Amino acid sequence: MIVFDNKHTPGSSEKNGEIRLSSRAVSRGVAIGKVVCLHGQTRQFYRLNLADSQIDRELRRLSAAIRLTKKQIKAIERSNLELGNGKSASIFDVHLLILEDKSLIGKVESKIRDQKVNAEWAVKIVLDEYISTYKSISDEHLRDRYIDIQDISDRLLNALGGGGKPSIHLKKNSVIVAREVKPSTLIELNENMPKAIVSENGGWTSHTFILARELNLPAVTGTKNILRQARTGDNVIVDGYNGLVILNPEDETLRKYKEAAKQFKKVRHVPIKAVSGNPKTLDGREIIIRANLDLHSIYGRAKKLGAKGIGLYRSEFLFNQYRGFPGEAEQVEAYRAIGELVGEDGVRIRTFDISVDQLAEETSEKEKNPALGLRGIRLGLSHEAEFRAQIRAILQASSDHSIDIVLPMISDLLEIREVKKIIDSEKRSLGKKGIRVGDPKIGAMIELPAAVMTVEEIAAEVDFLNLGTNDLVQYLLAVDRDNESVADWFKTLHPAVLRSIERVIGAAENANIPLIVCGEMGGSPFYAPILIGLGAVELSMNINSIMRVRNTIVGIAYEEAREIANEIKTFSTSAEIEDFIRKSFIDKWSHLFDAQLLNSR
Ligand code: PEP
Ligand code: MG
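This is a predicted model, so every value here is computed, not measured.

Conventions adopted
- Residues numbered from 1 in each chain as written.
- Chains lettered and ligands numbered in written order.
- Predicted model: local features only at pLDDT ≥ 70, side-chain atom pairs only at ≥ 80, totals over all residues.
- Heavy atoms only, no water.
- Domains from an automatic or database assignment.
- Salt bridge = Lys/Arg side-chain N within 4 Å of Asp/Glu carboxyl O.
- Helix = DSSP H or I, 4+ residues; strand = E, 2+ residues; numbered from the N terminus.
- Buried < 20%, exposed > 50% of the residue type's maximum accessible area, 1.4 Å probe, protein only.
- Axes fitted to C-alpha atoms, helices over the stretch in contact; angles between N-to-C directions.
- Parallel < 35°, antiparallel > 145°, perpendicular 65-115°, else oblique.
- Contact = heavy atoms within 4.5 Å.
- Nonpolar A, V, L, I, M, F, W, Y, C, P; charged D, E, K, R; others polar.
- Donors = N, O, S within 2.8 Å, 3.2 Å for Na, K, Ca; no water.
- Pairing = 2+ DSSP bridges.

Draft legend 1. Representation of the domain arrangement of the protein. Splitting the protein by domain gives domain 1 (2-38 + 172-268), domain 2 (52-162) and domain 3 (288-562). Here domain 2 and domain 3 have C-alpha centroids that lie 38 Å from each other.

Given below as structure tokens:
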């Protein structure tokens, strides 16, 4: 059950061939299907068995990918030489030699031809063999060559993505099983409508699972060693309510779960009853609910559920690693389309919140800590041409639509001032060309400890604040939100988090500017009452959370939420806070919260 931070104790059991693996539930629902194992890190793929008629085409795909990879390497080599990095340029010569190695490429081609498999699979298998051979060499210098082959393998797999769609589709009933699923992979696979996701790694606030919840796709994570136990084609049950994966289920188990899956399907397809107006607590406090949006197509549902516009539009979902930044015209069109859909309720477009590892052209400079690296506004300011293009696109789209700008990963007032200068200069130059522009409001994501500590100054500089609790927890507690092994340290109810939230809400109130809580916390029926008690009046959330949070809001009294929020200030550990909240919820709101569920940890 997804209650608070949903602790999970890994474990497995086996009976009559049925394997049960306990997992962390991260997106509700039940699915029964067939395993499809995903491999690869940057570009994810699965093994496909090809028909004879598809082999030649697959060989041509491989040749094209090799040509593209060579071209990319030569371009990086040139720019390194221009920067005076002669030494690193010689590494690229080695990479080019690997790509010209007839024996290696010949093996990949034979694999495709003889085993009738897709190019991704052949590249992976053959290059992995080379990697393990090099790794076992005793000479240290030669041994390290495996890194170059690994690099080429990644690049080739990336190039096979080619920015296009996968050429062959997933079968119906596919349950994606992987070490980790990237959001871009999920978007790509979603066209084939998988049934569920099972991963070893990733947390409640990982973008992949935020997206899974948006898509109503059951998902579990923390499923240890799943790739060692599951084979493509195995029967599998995914229980995204209780955090359980069942491989090769027995007939009796299947029968039981078929009923549960049927129920889930029913719930999933129930037509939404249109709701209007903002929900009010029992004692009359009005709470504004907005939607977080990653995929345009879903806004219609949010509107029906009474969402007032989009509090967070993650523009990076327009970004495609294989194509790079979307062009200005494409962005104008996308922003206009969303502005049109949302109407006067408005949309807050967050500038690209990507990290450098998502930029294919720079994979040579892998960062050790991408979350602390060149990402968010830092990447924007260091890729100024692309950043300016995005600003111009938003300015143009906002001429006829209610569109505002949110800046991600702000750590310093100076970043906001720099962006404002860029916005002003782009406004002027568009104006000179006679192009109409709007006057979007500027807001900052408050998601870094430094932003919390200076929130009063930031609030004086911007028109609104967006509180990003996902990253706030990650950075305050130094706990990677995508890393399953530290997921138990991801404590949303840590006193440091709650005190930060209170400070940010207070700063917005004092500066008289709006504040939206847009992290996953706002979309949880368990956390929303706490945020409301701390003074939040605007919550922006995953579309599929709206109904549950609305129902919670109309069933609680603000004064009671405030009492709870005041009381938790006196505790110094998250464990005490969680216990107190559990007791208080059962005590005050047993009509909303299931006691058994709240006590289930
Ligand atoms: C957050 O960090 O809380 C947030 C809303 O943004 P994202 O999840 O995209 O990092
Ligand atoms: Mg964030």
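Back to the write-up after that little detour.
Draft legend 2. Broad picture of the pattern of salt bridges. Under the defined criterion, the tally for this structure stands at 35 salt bridges. A salt bridge links glutamate 252 to arginine 255; the nearest nitrogen and oxygen atoms lie 2.7 Å apart. Of the two residues, glutamate 252 and arginine 255 both sit in helix 10 (residues 251-269), three residues apart, roughly one turn of that helix. Measuring nitrogen to oxygen at the nearest pair gives 2.9 Å for the salt bridge that ties aspartate 471 to arginine 481. Remark: arginine 481 occurs in the loop between helix 18 (469-476) and helix 19 (495-511) and aspartate 471 occurs in helix 18; sequence separation between them is 10 residues. Pair check on accessibility: aspartate 471 and arginine 481 agree, each one buried. Via salt bridges that share partners, Glu316, Arg350, Asp353, Arg375, Asp471 and Arg481 belong to a single interconnected network.

Draft legend 3. Main features of unusual backbone geometry. Not every positive phi belongs to a glycine, and lysine 116 is a case in point at roughly 55°. Relative to the helices and strands, lysine 116 resides in the loop between helix 3 (102-115) and helix 4 (119-135). A residue is classified by how much of its surface remains accessible, and lysine 116, at 33% relative accessible area, is partly exposed. Within the chain, asparagine 173 stands out as a residue other than glycine whose phi angle is a positive 75°. With respect to the secondary-structure elements, asparagine 173 resides in the loop between helix 6 (145-161) and strand 5 (174-178). Classification of asparagine 173 by relative accessible area gives partly exposed; the value is 35%.

Draft legend 4. Representation of the packing of helix 7 (residues 183-190) against helix 8 (residues 207-214) within the structure. Their axes nearest at 8 Å, the elements helix 7 and helix 8 cross at an angle of 30°. When the axis of helix 7 is compared with that of helix 8, the two are roughly parallel. When helix 7 is examined against helix 8, the residues Pro183, Leu186 and Ile187 are found in contact with a partner set consisting of His207, Thr208, Leu211 and Ala212. Residue composition of the contact of helix 7 with helix 8, by class: five nonpolar, two polar and no charged.

Draft legend 5. Layout of the side chain of aspartate 471. A relative accessible area of 3% places aspartate 471 in the buried class. When residues no more than four places from it in sequence are discounted, the contact partners of aspartate 471 are Arg375, Glu447, Leu476 and Arg481.

Draft legend 6. Representation of the coordination of the magnesium ion (ligand 2) within the structure. At this site the magnesium ion (ligand 2) is bound by Glu447 (OE) and Asp471 (OD), with donor distances of 2.0 to 2.2 Å. On the criterion of sequence distance, the pair formed by glutamate 447 in the loop between strand 14 (442-446) and helix 16 (449-453) and aspartate 471 in helix 18 is long-range, its members being 24 residues apart. The residues glutamate 447 and aspartate 471 share a single accessibility class, namely buried.

Draft legend 7. View of the sheet that holds strand 7 (residues 219-221). Spatially, 1-2-9-8-4-5-6-7-3 is the arrangement adopted by the nine strands of the open sheet, whose pairing is mixed. Single-partner strands in this sheet number two, and they are strand 1 (12-15) and strand 3 (24-27). For this sheet, the mean inter-axis angle between neighbouring strands, taken without regard to orientation, is 25°. Across four bridges, the pairing between strand 5 and strand 6 (residues 196-199) is parallel. Bridging from a neighbouring strand, isoleucine 176 pairs with isoleucine 197 of strand 6. The strands touched by helix 10 within the sheet are strand 2 (18-22), strand 4 (30-37), strand 8 (235-239) and strand 9 (244-247), with strand 4 carrying the most contacts at an inclination of about 105°.

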